[in-house]
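# Examination of the molecular architecture
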Amino acid sequence: MVGDTAEDFALARAYDLFCGTGLWLPSSMFSDEETFKATTLPMVMDRHRQFADPSRSPGYVSASLSDKELGEYLRRLDDGLPKILMNPPSQAHGIARTDFPDAAASHTFRAFDENADAPASVAVERDEDGTLTMATRFAMPSPSENGFFGGLPAWIVDFRFEDGAMPVGRGIGPERLLVSSPGSFPDSVVRSSQHGLAVEAASFGLVQAGAVMSGRLAHPRLANLGMLSWARAMAAVHGYEVRHSTPGTNAELVARRLGSRAALTEIVAGPMHPVLKLFAVLDESDRQRKKRYAAMSPEERARQPRWVGADSFVTFDDMFLAHGAPTDDPVRGLVDTLLRADLIRRGAILKCEECVRWSFVPDEQLGRGYECPRCSARNLLTSARWERGREPKRYYDLHNAFRQLLTENGDIPLFAAARLRARSHSGRYGDVGELEFWKGDDQVAEIDLVSHANGRILVTEAKTSAGFDGAQKQKKGTARKIAEVARILRADAVVLATDKTTWRESDIGLLNDALSKRFAAHPAPTVQISDSLGPTIEPRG
């Protein structure tokens, strides 16, 4: 659009909004040679390059200039632009000067219904955090009407991994989404779009002159990031490094042995939770424990685990009583699952003849005798070594990582995850727990749970209390850290989760204030409350 009036500017803006190709050229763009060569000509040339078909070119119109005046400007453009243009500007205008943009004729983008939602089978590799990576390069689809593009692969292909958990959009860098050989330049351009991964069809690698269409296409190896890899990629944009906290490391170990994080959530947040909680370490001395036991009824005392030092060990009967089901089948199923995952072991609690200390000794170390785990003395398995009874009572010991997870209230974030998963109606849910955000040697923030549910990102702070811990200054610091994590991950909501019946209103206000400051230029995430968390208990019939 050439001209200096408000109408010229308005028409250029209309072309840009409706067609994506509007460019306003006031007379000042032609006034001096330096501006003309350094600014005007490159802008006009860029508009010509948007048309893949060299036989087509932009139209030049004006709302204020006569045909003769417009022609003079265009002849100057003719002289400055490369002579390879098949349709120079002076021959390209002919549209009525004040006509509204012809949207159908002016679009530089075109949608094809070919291959829409067409499935393709590609071998993928899945790593521990759920990242899916194509095992081989993928051949880009080509529309039958590719002549529309002047023989050049100028279309874009959207990919969606069927089982992918990666959130869409949010500005993930292409280097995280493409797999290329070390030291090589990627031949593809990819971005995380609202529909998956959008990939330019054209190869950006070496393309020989005269290559046929198939030789001009990119052959990408794409990756769909798991939740941990995605969080790390988002944090890297802001200069942060993401690590698992100690509870997070324990949770990942247990999840890996169970097969998935979903399996961990199901087993901890389900009806077997009271059984698993028997293994949690209590913060009490032997004297406090004896006092607590003395206040119990015989029935309550019978349901308590056997303590050796700070660790608890339970019998099958203990677990059956804790679960409370009429049959022992659920407990048998739990023990079998944990045995297969190498998360539980069975043994006896025996007293060493030499150091006179009680120790748990697993079955695989028992024979005619055993070695004391505390002092390494050899003991014969005689009746003097075990407690009262005709033979040693069998106890179960839970893997230390699982025990610590339950001891440090790592079950609360898993309760929150189970609730979010149950409310995810899209069928796509993914999460990662217990993350720390570091800058150099400084830990800046941490969060208990990051979830992707119903296309939204939620960050969750999970507590066994009704609010943030500490004095007012510490509470404000906690709110700021949560808000920073929400900003880094571009969260849609912040969830305050607790096993109590409510969350303090004053702390909710602190979080809203922190979010409004961190998101001053953008809509702040909403704050959601998830209270009264607990395991799913099966009804007793």
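Note that this is a predicted model, so its numbers are computed, not measured.

On to the sheet that holds strand E19 (residues 526–530), then. One open sheet holds the six strands; their spatial order is E7-E15-E16-E17-E18-E19, and the pairing between them is mixed. The strands lining the two open edges of the sheet, one partner per strand, are strand E7 (241–244) and E19. Neighbour-to-neighbour, the strand axes of the sheet open up by a mean angle of 35°, direction not taken into account. Of the strand pairs in this sheet, strand E15 (residues 429–439) and strand E16 (residues 442–453) are connected by 10 bridges, and their pairing is antiparallel. The residue of E16 that forms the bridge with Lys-439 is Asp-442.

With that settled, consider helix H18 (residues 505–518). With 14 residues, H18 should cover 20 Å at 1.5 Å per step; its first-to-last C-alpha distance of 20 Å lies within 8% of that length. Within the span of H18, buried status applies to Asp-507, Ile-508, Leu-510, Leu-511, Ala-514 and Leu-515. Down the axis of H18, the smallest arc covering the buried residues is 155°, so these residues share one side. In H18, the exposed positions angled more than 90 degrees off the buried face are occupied by Glu-505 and Lys-517.

The next subject is the pattern of salt bridges. By the definition in use, this model includes 21 salt bridges. The salt bridge involving Lys-463 is made with Asp-469; its shortest N-O contact spans 3.1 Å. Close ionic contact of Lys-500 with Asp-499 constitutes a salt bridge, the shortest N to O distance being 3.2 Å. Several salt bridges converge on common partners, so that one network encompasses Asp-311, Arg-345, Asp-397 and Arg-403.

Right, let's talk about the sheet that holds strand E2 (residues 132–134) for a bit. By way of backbone hydrogen bonds, the strands of a sheet pair with one another, either parallel or antiparallel. Pairing is antiparallel in the open sheet, where three strands are placed in the order E1-E2-E6. In this open sheet, the two edge strands, each paired with only one partner strand, are strand E1 (124–126) and strand E6 (223–224). Where E2 meets E6, two bridges bridge the pair, whose relative direction is antiparallel. Note that in E6 the partner of Leu-132 across the bridge is Asn-224.

For the structure shown, the criterion picks out six aromatic pairs. With a centroid separation of 5.1 Å and an interplanar angle of 85°, the aromatic rings of Phe-138 and Phe-159 are classed as edge-to-face. A residue pair is termed long-range when its members are at least 10 positions apart, and Phe-138 in the loop between E2 and strand E3 (156–159) and Phe-159 in strand E3 qualify at 21 residues. The exposure class of Phe-138 is buried, given its relative accessible area of 16%. Residue classification places Phe-159 among the buried residues on the basis of a relative accessible area of 10%. Among the aromatic side chains, those forming a connected cluster through ring pairs are Phe-30, Phe-36 and Tyr-73. Its end group placed over the ring of Phe-313, Arg-403 keeps NZ or CZ at 5.6 Å from the ring centre. One cation-aromatic arrangement involves Lys-439 over Tyr-240; the distance from NZ or CZ to the ring centre is 4.7 Å.

Considered as a void within the structure, the second largest pocket measures approximately 750 Å³ in volume. Lining the second largest pocket are 28 residues, with Glu-128, Asp-129, Gly-130, Ser-260 and Arg-261 positioned closest to its centre. The residue inventory of the lining of the second largest pocket, partitioned by class, reads seven nonpolar, nine polar and 12 charged.

Another point: the environment of Pro-271. Here Pro-271 is to be found in the loop between helix H9 (261–268) and helix H10 (273–277). Between the C-alpha atoms of Pro-271 and Ile-537, which are 266 residues apart in sequence, the distance is 4.6 Å.

Turning our eyes to something else, we now look at the pairing of E3. Of the two faces of E3, only one is covered, namely that formed by Val-157 and Phe-159; the face formed by Ile-156 and Asp-158 stays uncovered. As judged from the four bridges shared by E3 and strand E5 (residues 196–200), these two strands associate in the antiparallel manner. Residue pairing in the sheet places Phe-159 in a bridge with Leu-197 of E5.

This next bit is on the packing of helix H8 (residues 246–258) against helix H15 (residues 400–407). Between H8 and H15, whose axes approach to 9 Å, the crossing angle comes to 130°. It follows from the interaxial angle that H8 and H15 lie oblique. Like other packed secondary-structure pairs, H8 and H15 cross with a definite hand, here left-handed. Facing Pro-247, Asn-250, Ala-251, Leu-253 and Val-254 of H8, the residues of H15 in contact are Ala-401, Phe-402, Gln-404 and Leu-405. Classifying every residue of the contact of H8 with H15 by side-chain character gives seven nonpolar, two polar and no charged.

Bringing empty space enclosed by the protein into the picture now. Per the counting criterion, the structure on display carries two cavities of 30 Å³ or more. Empty space within the largest cavity amounts to approximately 50 Å³. Breaking the lining of the largest cavity down by element, the ones donating at least two residues are H8, helix H16 (411–422) and E15. Looking at the lining of the largest cavity residue by residue, the classes come out as five nonpolar, two polar and three charged. Computed from the structure, the second largest cavity encloses a volume of approximately 40 Å³. Around the second largest cavity sit Arg-137, Leu-178, Val-179, Ser-180, Pro-186, Asp-187, Ser-188, Pro-220 and Arg-221, which together line it.

On the surface, a cluster of nonpolar side chains totalling about 330 Å² of accessible area is made up of Phe-185, Val-189 and Phe-204. Following the sequence through the fold, Phe-204 ends up in the loop between E5 and helix H6 (213–216). Look at Phe-204 and you get partly exposed, because its relative accessible area is 45%.

Further remarks concern the pairing of strand E14 (residues 394–398). Among the five residues that make up E14, four are buried, leaving the element largely enclosed by the rest of the structure. Direction of pairing for strand E10 (residues 344–351) relative to E14: antiparallel, over a ladder of five bridges. Pairing of Arg-345 across the sheet is with Asp-397, part of E14.

With that out of the way, let us pick up the nonpolar core. Grouped burial of nonpolar side chains is what soluble globular proteins tend to show. The biggest cluster of nonpolar side chains holds 55 residues, and the ones touching the most others in it are Trp-230, Phe-437 and Leu-489. Contact partners of Leu-489, with chain neighbours within four places excluded, come to Arg-170, Trp-230, Ala-231, Met-234, Phe-437, Val-450, Ile-457 and Val-459. Counting 30 residues, the second largest nonpolar core, distinct from the first, contains Ala-255, Val-275, Met-319 and Val-335.

Reading the values: the criteria
Residues numbered from 1 in each chain as written. Predicted model: local features only at pLDDT ≥ 70, side-chain atom pairs only at ≥ 80, totals over all residues. Heavy atoms only, no water. Pairing = 2+ DSSP bridges. Helix = DSSP H or I, 4+ residues; strand = E, 2+ residues; numbered from the N terminus. Axes fitted to C-alpha atoms, helices over the stretch in contact; angles between N-to-C directions. Expected span 1.5 Å × (residues − 1). Buried < 20%, exposed > 50% of the residue type's maximum accessible area, 1.4 Å probe, protein only. Arc of directions from axis to C-beta. Salt bridge = Lys/Arg side-chain N within 4 Å of Asp/Glu carboxyl O. Phe/Tyr/Trp six-rings, centres within 6.5 Å; stacked < 30°, edge-to-face > 60°. Lys NZ or Arg CZ within 6 Å of the ring centre and 35° of its normal. 1 Å grid on protein atoms, 1.4 Å probe; cavity = no way out; pocket = protein on both sides within 12 Å on 5 of 7 lines; lining within 4 Å. Points joined across faces, edges and corners; volume = space filled by probe spheres on them. Nonpolar A, V, L, I, M, F, W, Y, C, P; charged D, E, K, R; others polar. Parallel < 35°, antiparallel > 145°, perpendicular 65-115°, else oblique. Left-handed = near helix turned anticlockwise from the far one by under 90°. Contact = heavy atoms within 4.5 Å. Patch = residues over 30% accessible without salt bridge, like charges linked within 9 Å, V, L, I, M, F, W, Y side chains within 5 Å. Areas by Shrake-Rupley, 256 points an atom, 1.4 Å probe, with all protein chains shown as cover. Core = buried A, V, L, I, M, F, W, Y, C linked by side-chain atoms within 4.5 Å.

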